[in-house]
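Take a look at the letters that make up each chain.
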Amino acid sequence: MDQTIQKQLPEWTLEDAYGTVQDKRFQDELQKIHCEIKKLRDLLPTNPTKENVLQCLPIYEDAIEGISSLISFSYCASSADITDSAAAAAYAQTQALYAELESIASPLFAKLGSIADNDPFWENSIVSHWQFNAREKNKSWRQGLDSATNEIINKFAATSFYPVDAMYKRLNKSMRVQAQNSQGEILHLTHSQCVGVLKGADDPVLRETAQLAVNDWYKKKAGYYVDLLNLLHGFRKVQFSLAGLSDWMQPSLEQNRISKEALQAALGAIKHRQSQIQQAITVRAPFFGRKVMKACDFFAPMPSPSIKETPYIPYEQAIQTVKASLQEVNPDIPAFIDMMLEKHWLDAKVDSKKAGGAFYSRFNRLKQPRVFTTYLGSFGSVLQQAHELGHAFHYWVMRDLPTNQTEFPMTLTEVASTFNEANVRRYCAQHAQNNEERLSILWQELISCANFCLQLPVRMGFETRFIEKRQTGLVSKEEAETMMQQAWREYMGEAIEDSDPYLWCYKLHFYMTDQYIYNYAYTIGYLISQGLCLEQKKRGKDFPEFYRNFLRDTGRMTVDELISKHIGLDATKEDFWNLCLDQACGYIKEFKTLVNSKI
C-alpha cells in the first residue's frame, strides 16, 4: 500500500489502557485479581448465607471487571502483533484465571439462584442488578461441576485448551503463498492478505489464483488444523461429561442466550426459503460471465464494464459516509465516531503483523471500547468500519450500567453491527448518482443476505457435524473435509459451481476458546437487524429512543425475551424470522428489477 495512504489510516493506542502486558499497570491489576480470588476463597463457604452474599459479591464483581479487562487487553495486544508471544501467553493466562474465579464464585450464584424472585432481598442495591445473571448462572450446565473437578479442569485448560488460540495464529502466520494478478504479476501473500483478497479484491484473476493457492496450502496443512479442533472439542467433551451433560448444544445456547426453539425457528425459516435466498448468489453469476458462480467470487465487488479498477475510497470519505448514514439511527453516533478517532481507539492500518479479520473489544475497568480493522479502500471496507463501530456504540450507550448488565451475548452483539451496515447501504443507495451505483449497493445487500443466511449456516453445519463425531472419537482430516462438503451442499445446493473446502481451517471462529459454536450468532444478529429495519420504517422519529432502549436491554434479557418485550413477537415461531427474511429477500427482488430495467 502507498505509504501516504497508510499514514492517513488511524492507528489505535493501548497506552491509555495498560500499555503492554509487561507494564506495571497490567501487572498491578493482575496482582489485585489474585488477591481478590484468595479473599473469596477465604470468605465464601460452600453453602453461603445471604450475609455471605452481601459480603462476597462486591469482591467478585470487582475481580470480574478487572479480569475481563485484562483478557480483552491481551487479545487486542496479541492481535495487533501476532509475533507478541508475551501477549499471547497473557491471553491464555487471564482466561484460565477467569475460569478459576467463576469456579470459586459458583456457591455465590447457587445461593442467589435459590432466592425467590419476589424476595425483598433483591431490593438491596448490592444484589438488585444481578437477578437476571443469578437465575442464568444457577440454571447453567456448569452447576454440575463441583469445586474440586472445576479446579482440575481449569488447571488442565491453562496448559492444553486456552493456548489453542496462539497455536492457531502461529499456524496462520506461517502461510506464504503465491498468486497472480490480471497483469501477470506474481504476488506473495500472507494469511491476512489472502483473506483481504478473497473478501473484496476487484481483480478476478487474483481472486481465483489466491483461492487456489489458499486451498493448496490448507490441503497440505489441514492435519494440523483438525488436530486443534480435536483438542478443543475433546476438552469440551470431557468437561461436559464431568458436568453430567449429554446435550452438547446446551452450553452454546446458554452462552448465546437463545432458546433451542428460537434457534430452530430461525434456521427452519431459512431452510424453507432456501431456494429464494440462493438467488442472492445466482443473480450475480452472469456479472462474472458465468452461468454458475465460483466460490472465490462470493464476496467480490460487482464487476463494472465502465470501470476497469474499483477506485480506492479514502478513509476520511468512508468515515463521513458512515456518520451521515447513521445520523437518523441515533444523532449521537457521528460525535461518538469522532471521539473514537480522536482518542485513538480505532485501528485501521494495514500491517503484516496484524491478525486477520476485524473485531470490537472493550476494557470494562476503564469504560473504553476498541475497534480493530484493516482498511483496504473498498466499499466492503467501509461497511466493515460501520460494522465494528456498531459494536462499539452498542457498548457505549450502556456503559453507565453495572458491568454485568453490559455483557450481551454474541447473538445480540451482532445486531447493532449488521444494522449499521444496512443503514450505510441504504444511505448510499439513496444518494447513488445512477442505476449502476444503486445496483452495486444492492449487490452488497445480496452478499450479506447470502453470507448470513447461507454461508454462516454452512459453518454451523460443519461445526455441529464435527462435534457430533467427536463424541465417539477423533475426527480425521478426510472426515473433516467430507463434513465441509456436506454442510456446503446442504445450504448452497447448486448455487455455486465449486466450494470453499478449507473454510473450516482459515475461519478464526472455529478455534475460539471463549466462544462455543459461535457461527450462528451472526445469522441471528443479522435477521434481528433486518427486523429492526422494519421497526425503523414503522417508528420514524421515535426510532432512536426505541433503539437505545432495545440495546440497553441486551445484557439483561435473552433473545426470546428481548423480541417479546420490544417487538411484541414470539422468537420461537417462524413468523418473526420470516418477517426478517422478507426484508432481507426484498433486496433480491429490487436487484432483479433494476437489472431487468437496464436490459
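Let me sum up the structure you'll find in this document. (Residues numbered from 1 in each chain as written. Predicted model: local features only at pLDDT ≥ 70, side-chain atom pairs only at ≥ 80, totals over all residues. Heavy atoms only, no water.)

Next up on the list: the overall build of the chain. Scanning the chain from terminus to terminus reveals 24 helices and five strands. Here the chain has a C-alpha radius of gyration of 24 Å; the compact-globule value for 599 residues is 25 Å, and the two agree. Principal axes of the C-alpha set define a box for the chain whose edges measure 75 × 55 × 50 Å. Taking all 599 residues of the chain together, 59% fall into the buried category. Taking as baseline every contact in the chain between residues at least 6 positions apart, the subset at least 24 positions apart corresponds to 76%. Total accessible area on the chain is roughly 24300 Å²; 52% of this is exposed by carbon and sulfur atoms. (Helix = DSSP H or I, 4+ residues; strand = E, 2+ residues; numbered from the N terminus. Rg over C-alpha atoms; globule rule 2.2 N^0.38 Å. Buried < 20%, exposed > 50% of the residue type's maximum accessible area, 1.4 Å probe, protein only. Contact = heavy atoms within 4.5 Å. Areas by Shrake-Rupley, 256 points an atom, 1.4 Å probe, with all protein chains shown as cover.)

With that out of the way, let us pick up the sheet that holds strand S5 (residues 368–372). Strand pairs in the sheet, formed through backbone hydrogen bonds, run parallel or antiparallel to each other. Overall, mixed pairing links the three strands, which are arranged S3-S5-S4 in an open sheet. Each having just a single partner strand, strand S3 (346–347) and strand S4 (359–363) make up the two edges of the open sheet. Sheet topology note: the S4/S5 ladder contains five bridges and is antiparallel. Looking at S5, one finds that Tyr360 is bridged to Val371. Contacting S4 and S5, helix H3 (residues 50–80) runs over the sheet at an angle of about 140° to S4. (Pairing = 2+ DSSP bridges. Axes fitted to C-alpha atoms, helices over the stretch in contact; angles between N-to-C directions.)

For His344, which is not glycine, the phi torsion reads 60° and is therefore positive. Among the secondary structure elements, His344 is positioned in the loop between helix H15 (333–342) and S3. For His344, a relative accessible area of 41% translates into the label partly exposed.

A separate point is a positive patch on the surface. Together, Arg170, Lys173, Arg176 and Lys353 make up a region of like positive charge exposed at the surface. Here Arg170 is to be found in helix H8 (residues 164–173). (Patch = residues over 30% accessible without salt bridge, like charges linked within 9 Å, V, L, I, M, F, W, Y side chains within 5 Å. Salt bridge = Lys/Arg side-chain N within 4 Å of Asp/Glu carboxyl O. Lys, Arg positive; Asp, Glu negative; His and termini not counted. Charge placed at Lys NZ, Arg CZ, Asp CG, Glu CD.)

Of all five residues in S5, five are buried, a share of seventy percent or more. Both faces of S5 are covered, namely the face carrying Gln368, Arg370 and Phe372 and the face carrying Pro369 and Val371. Alignment of S3 against S5, held across two bridges, turns out to be parallel. Looking at the pairing, Asp347 lines up with Phe372 of S5. Counted between consecutive antiparallel strands, the loop separating S4 from S5 contains four residues, among which Lys367 sits at a positive phi close to 55°.

Note on pairing: side chains with opposite charge can pair once their charged atoms come close. Inspection of the entire model under this criterion finds 41 salt bridges. Its salt-bridge partner being Glu481, residue Lys477 comes within 3.1 Å of it at the nearest N-O pair. You can see Lys477 and its partner Glu481 sitting in helix H19 (residues 477–492), four residues apart, about one turn around the helix. Here Arg556 ties to Asp553 by a salt bridge, and the two come within 2.8 Å at their closest N and O atoms. Note on Arg556: relative accessible area 27%, which makes it partly exposed.

The next subject is the environment of Glu478. Tracing the chain through its elements places Glu478 in helix H19. A residue is classified by how much of its surface remains accessible, and Glu478, at 49% relative accessible area, is partly exposed. For the pair formed by Glu478 and Ala222, sequence separation is 256 residues and the distance between their alpha carbons is 9.2 Å.

Before going further, it helps to spend a moment on H15. Structural remark: α-helix, 3.6 residues per turn; residues separated by three or four positions point the same way. Within H15, burial applies to Ile333, Pro334, Phe336, Ile337, Met339 and Met340. In this fold, the buried residues of H15 make contact with helix H14 (315–326), S3, S5 and helix H16 (379–396). Directly after H15, the chain includes His344, whose backbone phi takes a positive value near 60°.

Take it as geometry only, folks, not as evidence of what the structure does.
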